[in-house]
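Geometric and topological summary
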Amino acid sequence: MRALTSPAQRWLLLSCLGDSRSLEKLIIVLERITYLDHAGSALFPESLLKAFTDDLRNNVYGNPHSQNISSKLTHDTIEHVRYRILQHFHTTAEDYTIIFTSGCTAALKLVAEAFPWIPEGTKQPGSRFCYLTDSHTSVVGMRGITASMNVLSVPIKPKEILLSEENRLPAEEQNCMTPHLFSYPAQSNFSGTKYPLSWIQDIKSGKLHPIKIPGKWFVLLDAASYVSSSPLDLGVHQADFIPISFYKIFGFPTGLGALLVNNRIAPLLRKTYFGGGTAAAYLAGEDFYIPRKSIAERFEDGTVSFLDIIALKHGFDVLEKLTGGMEKIKQHTFVLAHYTYTVLSTLKYANGAPVVRIYSDTDFSNPDVQGPIINFNVLDENGEVIGFSEVDKMASLYNIHVRTGCFCNTGACQIHLGISNEDIQRNLQAGHVCGDDVDLVDGRPTGSVRISFGYMSSFEDAQTFLKFIIATRLWKSDTENAFQSSVTKLTRESVPNDHPSFNSADKLSPILHISDRELGKNSSATMTTVNWQPPEVEKESIRAALSETAVPACRRGGKPITVTNIYLYPIKSCSAFEVTEWPIGNQGLLYDRNWMIVNQNGVCMTQKQEPRLCLVNPSIDLERKIMVIQAEGMDPISVSLEENTGKEAVICESKVCSHRVRTYDCGESIAGWFSLFLGRPCRLIRQSSDVKNRSYQKNTKGLASATNISLSLVNEAQYLLINVASILELKEHISARLEEPLEIDELIRRFRANIVISAPESFEEEEWAEISIGALRLQVVGPCSRCQIICIDQQSGERNKEFLQSLSAARGRKTNFGIYLMNQPLHSSFPYILSVGSQVLPVLKENAEIQPPTSSEEKCSG
């Protein structure tokens, strides 16, 4: 969303019961992004926050367990919100009870713990927990609790339930009252398939049986995904349990959900633990406890999240005001999904091969059976899957937010992608775990890409996404045809004429150029060269030691390989500091990435979030023992190289790529300098050396143990090496796509390496197992998988997404460029010096390919 004039936004405007200012506040957060992960979380409008904070300013809400006036107000408001929730789902307190939980997952756990299971081995037939395989992890995880109660769990495939009409029981078994529970999603969070709500009554009445076993069936309807974009009428479809998460509907508050319990089964639920507010009476010295009569009060242990519950009232108000209700949201989001699906499914390469493979059980023709979710993988011209991580990286260049992986739904992922149980186990052995970025194992996908629409989504969002797919997958010669034949045509043909969002066929505008705010050119970006000189008395002994140290023989003949450039980055993600020779420490180049900038929440800032970091130029003065920091328009400021170990140092814990590091704050003066330059509150922190810092965790043959090798604030390894020959080859691809000349120095700076070498062949560095530079032995630990930071001009801070796209195209769908290196153990007492001009002697590895890092974090050279 970038304007108020798109058809879908006009529809929202017409639906709005207030003035257009409410709509403007609704979309303010989407000015510069295309958010397509509404199935993950809705986005909250500003008007919701304003209404909520105004409420808090005007009222005092006390603990609802107290009896004072403010607490009575809280209690009454919570009860009003319960009524509002029941009203939203077209039911009443006579039929359902609202139990507030921390989310849908907690609600599911509550059901598993409280359901009146009958275990195996008793006189009665044992209970069964059946669940559809197309279920969220949190549903499948209920079997862990049922197993501990000696209750059997049975997974049911979607197609199997359709055959269960044949499983009618003999008359003598139809009176059995053993309770069983069947769980299924109203809408698949993987594909958007909507399963029949009629199953609820059919199963409870005995018309359908998930499995052939005597007993009484109860139904748990997982509605978390469904209710975010569709109306649910519990007056008609009376499931026994309905768990929901409110952030899926409103975006705010998070960490709050509810379990809607049918009052017919509520008295049968069991509870062992009792927390504050749940007891009518109990004794501390004896085993005596009487629960409260109210089911809600009995199961809401402790004080509920009462302020978040009060926020729900404003969520319902704003949702109704902005959209006109869930039925309109259902139609609006479905039209967007239908349009996008229709265009996406027709995109083809010049050879006729499809651009994407869509995973769906429907043809997107009916909003009653299909939700606003599209799940797919991108293919190349030969029909091979392009890994979802690569697609996600490219989408981020266009400021498009998607979801990738298996979406906490392994069952659906297996069904649609054809992944067997054995494949899952083999992938785990290969290092792939849920939620990481290992997208292909042996060329086969481990997951997919998901886009989803919400009530804030617009027709422009759908267009932007489709233009992204076309721009990144089809050659320029095909792009115009793709727009003309697929997009414009389908705009007219695939959108219903009676839908207010699409009364006319809007022509596609040119691809929107997504860029950050204008950045001034940094006049101080010129590379600085520093010659580090060790004490004179040590010079000769160092040179002698280096010349006499044995090094492994180079396996490759031909021209010599030499070091051409050395860079260190004292402040993580800031500008490079170029030197001609530099001492080596136990973490790599001395002072490389010893500092980093964090935001007001203590989270590391990189060029991904703040491209202007590249305009900050730190330099190290070893003689004066200071780091000088410069930026255009700012007075230089210096920081001592000596650590502040005094009592006034503020020690803090920080994270770099999921690893905790011990740091200390560099003070108010430097924090003010960075805050002024970047225009946001931030601080400079430094890694502390007097504690157990990060050590290298990857088990690599030939490396010393992790206790002997430590890391600074780098993402993955101590050094990053790139090859000039590889740069030159890539330069040809990028220049051709940009249709303009490109300076090699600019490319080198974009890849933010520590060591630049000149080797005869491009990408031969990927065949190396280790290298020697003088007496320095470095182990190769893997390739560097690049991210959008290479799209940032390191002299101006301007973005150009063509660089990552060109790298992916040139490298055959991969974005690897450069190799990570780690120190081998240092055996000399002399300080090591890395110098420009030094010869590099590589040792070839035995394998044919370097394995990527095992961490799930995206590895950039920040």
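As a reminder, the structure under discussion sits directly above these lines.
Overview of the structure. (Residues numbered from 1 in each chain as written. Predicted model: local features only at pLDDT ≥ 70, side-chain atom pairs only at ≥ 80, totals over all residues. Heavy atoms only, no water.)

The number of helices and strands found in the protein chain is 23 helices and 36 strands. By residue count, 56% of the 862 residues in the protein chain fall in the buried class. Pairs at least 24 apart in sequence give 74% of the contacts found in the protein chain among residues at least 6 apart. Summed over its atoms, the accessible surface of the protein chain is roughly 37,200 Å², and 50% of this surface lies on carbon and sulfur atoms. (Helix = DSSP H or I, 4+ residues; strand = E, 2+ residues; numbered from the N terminus. Buried < 20%, exposed > 50% of the residue type's maximum accessible area, 1.4 Å probe, protein only. Contact = heavy atoms within 4.5 Å. Areas by Shrake-Rupley, 256 points an atom, 1.4 Å probe, with all protein chains shown as cover.)

Per the stated rule, a full pass over the model turns up 25 aromatic pairs. Considering the side-chain rings of Phe376 and Phe465, the 5.8 Å spacing of their centres and the 65° angle between planes classify their relative orientation as edge-to-face. You can see Phe376 sitting in strand β12 (residues 373-379) and its partner Phe465 sitting in helix α17 (residues 459-473), a full 89 residues away along the chain. In this structure Phe376 comes out as buried when scored by relative accessible area, which is 0%. Overall, the relative accessible area of 1% leaves Phe465 in the buried class. Across the ring face of Phe803, the terminal group of Arg750 is positioned such that the distance to the ring centre comes to 3.5 Å. For the cation-ring pair, Lys801 lies above Tyr398, with the distance from its terminal atom to the ring centre recorded as 4.6 Å. (Phe/Tyr/Trp six-rings, centres within 6.5 Å; stacked < 30°, edge-to-face > 60°. Lys NZ or Arg CZ within 6 Å of the ring centre and 35° of its normal.)

The next subject is the pairing of strand β36 (residues 839-844). Bridge analysis of strand β19 (residues 561-568) against β36 gives two bridges, and the strand direction is antiparallel. Residue pairing for β36: Thr562 is matched across the bridge by Gln839. (Pairing = 2+ DSSP bridges.)

Moving on to the sheet that holds strand β21 (residues 581-585). Sheet architecture is open: three strands sit in the order β22-β21-β35, paired in antiparallel fashion. Here the strands that pair on one side only, and so sit at the sheet edges, are β22 (588-589) and β35 (832-835). In this structure, β21 lies alongside β35, joined through four bridges in antiparallel fashion. Paired with Trp582 across the two strands is Leu834, which belongs to β35.

To continue, consider the packing of helix α13 (residues 326-346) against α17. Put simply, α13 and α17 touch, their axes get as near as 10 Å, and they point 20° apart. Of the possible angle classes, the one that applies to α13 and α17 is roughly parallel. Viewed along their axes, α13 and α17 form a crossing whose handedness is right-handed. The segment α13 lies against α17, with Leu336, Tyr339, Thr340, Val343 and Leu344 engaging Phe459, Ala462, Gln463, Phe465, Leu466 and Ile469. Class assignment of the residues belonging to the contact of α13 with α17 gives a composition of nine nonpolar, two polar and no charged. (Axes fitted to C-alpha atoms, helices over the stretch in contact; angles between N-to-C directions. Parallel < 35°, antiparallel > 145°, perpendicular 65-115°, else oblique. Left-handed = near helix turned anticlockwise from the far one by under 90°. Nonpolar A, V, L, I, M, F, W, Y, C, P; charged D, E, K, R; others polar.)

Here we come to the sheet that holds strand β25 (residues 626-630). Strand order across the open sheet formed by three strands is β24-β25-β26, with antiparallel pairing between neighbours. Because the sheet does not close on itself, it has two edges, and the strands there are β24 (617-621) and β26 (637-640). Pairs of neighbouring strands in the sheet enclose a mean axial angle of 25°, with direction left out of account. Bridging between β25 and β26 involves four bridges; their strand directions are antiparallel. Considered in β26, the bridge of Ile626 is made with Ser640.

A cis geometry characterises the amide bond from Phe252 onward to Pro253, with omega recorded as 5°. Along the chain, Pro253 turns up in the loop between α10 (247-250) and β8 (257-262). Backbone geometry places Phe364, a non-glycine residue, at a positive phi of 60°. Note that Phe364 resides in the loop between β11 (356-358) and β12. Despite not being glycine, Asn399 shows a phi value in the positive range, around 55°.

Attention shifts here to helix α12 (residues 306-323). In this model, α12 (18 residues) spans 26 Å end to end at C-alpha, consistent with the 26 Å of a helix rising 1.5 Å per residue. Trailing α12 by a residue or two, Gly324 shows a phi angle of about 90°, which is positive. (Expected span 1.5 Å × (residues − 1).)

Moving on, we get to the packing of helix α14 (residues 388-397) against helix α23 (residues 802-810). In contact at an axis separation of 9 Å, α14 and α23 are set at 155° when each is read in the N-to-C sense. It follows that α14 is roughly antiparallel to α23 by the angle criterion. Once α14 is placed against α23, the crossing between them reads as left-handed. Of α23, the residues touching α14 (which contributes Lys393, Met394 and Leu397) are Leu804, Gln805 and Ser808. Grouping the constituent residues of the contact of α14 with α23 by class yields three nonpolar, two polar and one charged.

Further remarks concern a nonpolar patch on the surface. A contiguous nonpolar surface patch, about 250 Å² in accessible area, is contributed by Leu283, Phe288 and Ile290. As for its placement among the helices and strands, Leu283 is situated in strand β9 (residues 279-283). By relative accessible area, Leu283 is classed as partly exposed at 41%. (Patch = residues over 30% accessible without salt bridge, like charges linked within 9 Å, V, L, I, M, F, W, Y side chains within 5 Å. Salt bridge = Lys/Arg side-chain N within 4 Å of Asp/Glu carboxyl O.)

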